[in-house]
Amino acid sequence: MDQTQAVIARDTVVACDTVVARDTVVARDTKRAKELGRKGEEVACLYLADKGTAILERNWTCNAGEADIIAREGNDIAFIEVKTRSSLNLGFPEDAITRQKRMKYEKIALNYLATHAQPNSRVRFDVIAVVLLGEAQALLRHHRDAYSAGE
């Protein structure tokens, strides 16, 4: 499927004839996706704070990539990937977590732990899936221990 067909399949724009026009559409879609992701991360942080979970880092970056949220819950250090969608037309947000994304998060965790000592802590990898239903409403699913290292 070429870029134009992909955009049409998502019902976000009308087909474009030139590469320049397609690139413009993709850039606009990327900007929208980043804003959607930012809103989802905000919802996830509010949810975690309501549960009493301590947010250690947001958008922590290293040479391996970026962790959306790093949090402490009891003795657990959770590396949390937040996936956000505005509808379920493309499936559940958590379905977008690939094996490559899991491996990337493991490398991020190793980098974080190498520079931020966390003695006697258990590491876990969570996914928080958010579907924004409007300006003031969202559906959130928290998958604790969504995967283990090496999966």
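Residues numbered from 1 in each chain as written. Predicted model: local features only at pLDDT ≥ 70, side-chain atom pairs only at ≥ 80, totals over all residues. Heavy atoms only, no water.

Engineer: How would you explain the nonpolar core if you had to name every residue and give the values?
Structural biologist: Ranked by size, the top nonpolar core spans 12 residues in total: L36, A44, C45, L48, I69, A71, A78, I80, V82, I128, V130 and L132. When residues of this core are assigned to their parent elements, the largest contribution, 4 residues, is made by helix α2 (residues 19-50). What I80 contacts, discounting residues up to four positions off in sequence, is L48, D68, I69, A71, Y105, D126 and I128. Membership of the second largest hydrophobic core comes to 11 residues, among which are A67, I77, I108 and F125. (Core = buried A, V, L, I, M, F, W, Y, C linked by side-chain atoms within 4.5 Å. Buried < 20%, exposed > 50% of the residue type's maximum accessible area, 1.4 Å probe, protein only. Helix = DSSP H or I, 4+ residues; strand = E, 2+ residues; numbered from the N terminus. Contact = heavy atoms within 4.5 Å.)

Engineer: Give a detailed account of the sheet that holds strand β3 (residues 76-85), specifying residues and quantitative values.
Structural biologist: Strand pairs in the sheet, formed through backbone hydrogen bonds, run parallel or antiparallel to each other. Read from one edge of the open sheet, 5 strands run β1-β2-β3-β4-β5, paired in mixed fashion. In this open sheet, the two strands that pair with only one neighbour each are β1 (54-62) and β5 (137-147). In this sheet, adjacent strand axes meet at a mean angle of 30 degrees when their direction is disregarded. With 10 bridges connecting them, β3 and strand β4 (residues 122-134) associate as parallel partners. Its bridge partner being in β4, V82 is matched across the sheet by I128. Against the sheet, helix α3 (residues 99-115) makes contact with β1, β2 (65-73), β3, β4 and β5, and its axis sits at roughly 65 degrees relative to β2, the strand it touches most. (Pairing = 2+ DSSP bridges. Axes fitted to C-alpha atoms, helices over the stretch in contact; angles between N-to-C directions.)

Engineer: Go over the pattern of salt bridges, please, and point to the residues and values.
Structural biologist: Applying the stated rule across the entire model yields 12 salt bridges. Between E73 and K51 there is a salt bridge whose closest N-O contact spans 3.5 Å. Residue E73 is located in strand β2, and its partner K51 is located in the loop between α2 and β1; the two are separated by 22 residues in the primary sequence. (Salt bridge = Lys/Arg side-chain N within 4 Å of Asp/Glu carboxyl O.)

Engineer: Please provide a residue-by-residue account of the packing of aromatic side chains, values included.
Structural biologist: Evaluation of the coordinates by the stated rule reveals 4 aromatic pairs. Ring geometry for F79 and F125: centres 6.0 Å apart, planes at 35 degrees, overall tilted. With F79 in strand β3 and F125 in strand β4, the pair connects residues that are 46 residues apart, well separated along the chain. When sorted by exposure, F79 lands in the same class as F125, which is buried. Relative to Y147, the ring of F125 has its centre 5.1 Å away and its plane inclined at 15 degrees; by these criteria the two rings are stacked. Of the two residues, F125 is situated in strand β4 and Y147 in strand β5; the sequence distance between them amounts to 22 residues. (Phe/Tyr/Trp six-rings, centres within 6.5 Å; stacked < 30°, edge-to-face > 60°.)

Engineer: An account of the pairing of β4 is needed here, citing residue identities and associated values.
Structural biologist: Two strands pair when backbone bridges link them, and β4 and β5 are joined in this way by 8 bridges, in the antiparallel orientation. For L132, the partnering residue across the bridge sits in β5 and is A138. The antiparallel pairing of β4 with β5 creates a hairpin that spans 2 residues between the two strands.

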